[in-house]
Amino acid sequence: MQQKLFDDDEQLLLPPDLMEYLPAFIPQQQADNLFRLLREAAPWEQHNQVLYEKTVITPRLSAWYGERRSKEGLSQPPIPWLPELLQLKEQVESHTGLNFQGVLLNYYRNEKDSVAWHADKDTLPGRKTEIASVSLGQVRAFDFRKKTDHRQRYALDLAHGSLLLMKGDLQLYWEHRIAKATVPMTGRINLTFRKVAG
Ligand SMILES: O=C(O)CCC(=O)C(=O)O
Ligand SMILES: [Fe+2]
């Protein structure tokens with residue numbers, strides 16, 4: 001049976017082997033508290049990225065907890081978890097039956113912040129990439145498109161307190177992004193739980 005992931009007036013029924021979406025994964029109160037805590041306490045950084053040979057500032061802030069790897073794939077010293085994040089990690093793990101060693105946080109401060117089309121590559125050799133993505137704050141549209149046919153393109157609104165599980169061959173054949181918005185928006189924090197260690 002196909003799982004329904006969009007409103008009745010939207011067409012796409014996403015294959016449940018690629019994505020699962022739970023709009024109210026954590027209670028409102030927990031989502032409110034986490035948003036406030038992380039906005040104040042996370043070690044936010046803004047990075048440079050090379051785009052078409054120009055170095056530009058990444059249009060969002062990011063932070064890590066737990067295990068992580070450098071761009072070159074080298075493991076980095078782990079960053080200690082906050083108790084509230086460990087609790088969320090346990091909720092995600094018990095819901096998904098997966099284990100995650102690290103979490104990448106993105107903070108989109110307003111409508112001008114974004115992440116460009118990409119697929120996530122931090123796959124362990126020989127395994128499918130499974131990424132559990134929790135969203136807090138402002139609802140933003142998550143777009144995804146087929147790498148080989150950009151006309152196959154869909155959008156999903158990621159709600160405050162929601163969980164999106166990306167799995168299977170999604171990272172292999174599809175790209176995703178959070179586009180800049182054309183109307184004013186408040187802050188959104190996204191947490192992507194990742195498998196880092198072996
Ligand atoms: O903010 C999001 O929902 C997506 C973030 C993302 O794609 C990433 O961190 O790789
Ligand atoms: Fe991503």
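What counts as what
- Residues numbered from 1 in each chain as written.
- Chains lettered and ligands numbered in written order.
- Predicted model: local features only at pLDDT ≥ 70, side-chain atom pairs only at ≥ 80, totals over all residues.
- Heavy atoms only, no water.
- Pairing = 2+ DSSP bridges.
- Helix = DSSP H or I, 4+ residues; strand = E, 2+ residues; numbered from the N terminus.
- Axes fitted to C-alpha atoms, helices over the stretch in contact; angles between N-to-C directions.
- Near = heavy atom within 4 Å.
- Polar contact = N/O pair within 3.5 Å; in protein donor to acceptor, adjacent residues only side chain to side chain.
- Areas by Shrake-Rupley, 256 points an atom, 1.4 Å probe, with all protein chains shown as cover.
- Nonpolar A, V, L, I, M, F, W, Y, C, P; charged D, E, K, R; others polar.
- Donors = N, O, S within 2.8 Å, 3.2 Å for Na, K, Ca; no water.
- Tetrahedral: all angles 85-135°; square planar, octahedral: opposite > 155°, others 65-115°.
- Buried < 20%, exposed > 50% of the residue type's maximum accessible area, 1.4 Å probe, protein only.

In the annotation of an unreviewed UniProt entry, the entry for the protein reads Alkylated DNA repair dioxygenase AlkB, and the organism field reads Taibaiella chishuiensis.

Novice: Hey, could you run me through the sheet that holds strand β12 (residues 174-178) in this one?
Specialist: Strand-to-strand pairing in sheets goes through backbone hydrogen bonds, with the strands running parallel or antiparallel. One open sheet holds the four strands; their spatial order is β7-β12-β9-β10, and the pairing between them is antiparallel. With one partner strand each, in any of the chains shown, β7 (115-118) and β10 (149-158) form the two edges of the open sheet. Averaged over all adjacent pairs, the angle separating strand axes in this sheet is 15°, with direction ignored.

Novice: Explain the sheet that holds strand β8 (residues 131-137) here, please?
Specialist: The strand order β1-β11-β8-β13-β6-β4-β5 describes an open sheet built from seven strands, whose pairing is antiparallel. Of all the strands in the sheet, just β1 (19-22) and β5 (75-79) have a single pairing partner and so form its edges. Adjacent strand axes in the sheet meet at a mean angle of 25° when their direction is disregarded. Sheet topology note: the strand β4 (residues 61-69)/strand β6 (residues 102-108) ladder contains six bridges and is antiparallel. Looking at β6, one finds that Y65 is bridged to V103.

Novice: Can you walk me through the site of ligand 1 in this structure?
Specialist: If you check the shell around ligand 1, you find L104, N106, Y108, H118, D120, L158, H176, I178, R188, N190, T192 and R194 and nothing else. Interatomic distance of 3.1 Å between a side-chain N/O atom of H118 and an oxygen atom of ligand 1. Its free accessible area being 300 Å², ligand 1 has 97% of it covered by the protein chains. For the shell around ligand 1, the elements supplying multiple residues, two or more each, are β6, β12 and β13 (188-194). Tallying contributions element by element places β13 first for the shell around ligand 1, with four residues. Here the residues of the shell around ligand 1 are counted per class, giving four nonpolar, five polar and three charged.

Novice: In this structure, what is going on with the coordination of the iron ion (ligand 2)? I would like to understand it.
Specialist: Angles at a metal have ideal values that depend on geometry: 109.5 degrees with four tetrahedral donors, 90 or 180 degrees with six octahedral donors. For the iron ion (ligand 2), every protein donor is listed as H118 (NE2), D120 (OD), D120 (OD) and H176 (NE2), and the spread of their distances is 2.1 to 2.6 Å. In this structure, the iron ion (ligand 2) is surrounded by six donor atoms whose angles at the metal cover 51 to 167°, and the resulting shape is irregular. In terms of primary sequence, the donors binding the iron ion (ligand 2) are separated according to H-x1-D-x55-H. Of this pair, H118 sits in strand β7 while H176 is found in strand β12, placing the two residues 58 residues apart along the sequence. Under the relative-accessibility criterion, H118 is labelled partly exposed at 23%. Since its relative accessible area comes to 6%, H176 is described here as buried.

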